[in-house]
Amino acid sequence: MKRVRSLVAVSIAAALLVSACGSDSADSGTSGGASDDAKTLVVNDAFDLKTSDPARAFELTGSVVDHAVYETALNYDGADVKKIVPGIASYKLSADNKVLTLTLEGTHTFSDGTPVTADDIVFSYQRVQGIAGNPSFLLDGVTAAKVDDKTVTLTSKTANPQLPFILPNPSLGIVNSKAVKANGGTMDAKDAAENYLNTTSAGSGPYMIDTYDVQSQVIFKTNPNYPGTKPAYGRVVMSNVPGATQKVNIQAGTAQVAFSLSPDDIASLDTSKTKVIASASTTTIFMWFNMDAAFGKTAADAKFVQAMRHAINYADLLKLAGTGSAQPGGLVPLSFLGALDKDDNNAYDVDKAKSLLAESKYKGEEISILYSSDVAVGGVKIGDVAQAIEQQAAAIGVKLKLNPQPSSTSLDSFRSGKTQAGVAYWGADYPDPADYLVFAPGQSLGKRAAWAESMAPDSTKLATAAAEASGDDARAAAYVALQKQLNVEGPFIPLFQPADNTVVSSSLSNVVVNPIWGLDFASIS
């Protein structure tokens, strides 16, 4: 898991507190008959900003920034991540899912007035790969090549049907190759263009960077050469502000957008001045059990895991998670292609849980539950989730022993494959069910639960079929079938998707929040 919009590490939020207090919240000139260029949108966020260089940025704040500044070859239709639409280009995928052809469409112009070309697309992708930064894995095994002035091919070593869903990622924004090369840009580890891209825009998006401070704020101004619809707000001030201050600012009207309010903060908002854009996040919080009896002990028994699936009161967990949270039927988030809406295998049923427990090898032993004690997702502390499950399990006679650890050590414990059980979370690297094949037997998450391919041939066969499926309908059906089987014999219990709430001023309209890049400033009016 690389990132997620709603992930907020408590320690990080605290560290940001001091630097965030000097926000530019008094600069909200959104009324009084000002011209569009003079209108300012003030956005509060708890920054995880490291760079605005798209080839290096893979944090949430960086994605918001880069989506405003850089266009991508392909795009999503608003907040819908199940549908791909043209960005700079249209696309066609070969029957074997190995060759994706991009064809430039319409007029696209960089902020210095030069047109976007096929050479810029190839350079942008090869630079992401060559730098080998955090987002480079998005194009693993892909070769980008220019065919002609309007056409680029992306050739994958193996079938890659998820590639169209990866290309809208802001890290794959198309940069002005001539400008970047002139400022140290290369397609290998020698690249030295990051500082240039942190201060100067080299994109064709609706906005340009005006000022940039990784600790305090980023200010945007409109791209005068953007051929699309001119943004309603000519200036955007995005400030680093802790959640509690964000609530004060949004209610006072000194900010129009707040990203980081907790469920409790949202529940106590003055609704006459604000509205909540609520949706389930792209993170799945799940429970897991080690299938190696040497470490999982009685928790490695399939009947025990099935009993736990019915011992969990999912509705109560959703109350804990607050408005906008949801229970998926499987591990794939509900907003993705191939999501499973619901599954009776993961339903609260105390009688069924007790019956299955009686059939299992469990004899009243304590089951150690590992979790990260310093992490909250969508404002929900993982520790609170673990404690709630502890109480629910006790109702059927299962003794859970909480094992909180800081995330710096809990992740290593989980990855070791030697820990008995736990509560964890997975945020999508890209909005496609292929990102969840890691939960299959023998794959990276499967190994952490000591779940080998030989232990689950049916799940293994369905995972292979899902990876090889072609076309949206066939892929969706294949991933649904896989998730149903995982719910029968797998060691992972999907608990819920936390809320991804954005609070905005009641005066704003056309506010679109996409789970991959967050807020689209240009669409707001």
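Residues numbered from 1 in each chain as written. Predicted model: local features only at pLDDT ≥ 70, side-chain atom pairs only at ≥ 80, totals over all residues. Heavy atoms only, no water.

**Describing the pairing of strand S11 (residues 235-240)**
Threshold: The buried label goes to any residue with under 20% of its type's maximum accessible area, the exposed label to any with over 50%, and the partly exposed label to all in between, with areas taken from a 1.4 Å probe on protein chains only. Only DSSP runs of H or I covering at least 4 residues are called helices, and only runs of E covering at least 2 are called strands; the numbering of each starts at the N terminus. The pairing criterion for strands is at least two bridges between them, as found by DSSP.
The element S11 is largely enclosed, with a buried count of five among its six residues. For strand S2 (residues 40-45) and S11, the ladder comprises six bridges, and the chain directions are parallel. Bridge assignment links valine 42 to a residue of S11, and that residue is valine 237. Here strand S10 (residues 217-222) runs beside S11; their pairing, made up of five bridges, is antiparallel. When the bridges of S11 are listed, isoleucine 219 appears paired with valine 237.

**Description of the pattern of salt bridges**
Which entries qualify depends on this criterion: We define a salt bridge as a contact between a side-chain nitrogen of Lys or Arg and a carboxyl oxygen of Asp or Glu at a distance within 4 Å.
This structure, assessed with the given rule, holds eleven salt bridges. With its nearest N and O atoms 2.7 Å apart, the salt bridge here joins arginine 127 to aspartate 53. Residue arginine 127 is located in helix H3 (residues 118-131), and its partner aspartate 53 is located in the loop between S2 and helix H2 (60-69); the two are separated by 74 residues in the primary sequence. Note that aspartate 119 is salt-bridged to lysine 146, the shortest N-O span being 3.3 Å. Taken as a pair, aspartate 119 in helix H3 and lysine 146 in strand S7 (residues 142-148) lie far apart in primary sequence, 27 residues in all.

**Topic: the environment of serine 459**
Let me state the cut-off plainly: Any pair of residues with heavy atoms lying within 4.5 Å of one another is described as a contacting pair.
Looking at the secondary structure, you find serine 459 in helix H16 (residues 457-468). Judged by its relative accessible area of 0%, serine 459 falls in the buried class. For the pair serine 459 and glycine 490, spaced 31 residues apart in sequence, the C-alpha separation works out to 8.2 Å. Setting aside chain neighbours within four positions, we find serine 459 in contact with Pro441, Trp451, Leu482, Gln485, Leu486 and Glu489.

**Let's talk about the nonpolar core**
In plain terms, the rule: Remark: nonpolar core denotes a set of buried residues (Ala, Val, Leu, Ile, Met, Phe, Trp, Tyr, Cys) joined through side-chain atoms within 4.5 Å.
Counting 105 residues, the largest nonpolar core has Leu102, Tyr125, Met287, Val423 and Leu495 as the members making the most contacts within it. In this structure, valine 423 is in contact with Ile285, Phe286, Met287, Trp288, Ile369, Leu370, Tyr371, Ile382, Val385, Ala386, Ile389 and Leu495, ignoring residues within four places of it in sequence.

**Description of the side chain of serine 505**
Here serine 505 shows up in strand S21 (residues 499-505). According to the relative accessible area criterion, serine 505 is buried, its value standing at 13%. Not counting residues within four places of it along the chain, the set of residues in contact with serine 505 comprises Ile250, Gln256, Lys273, Thr274 and Lys275.

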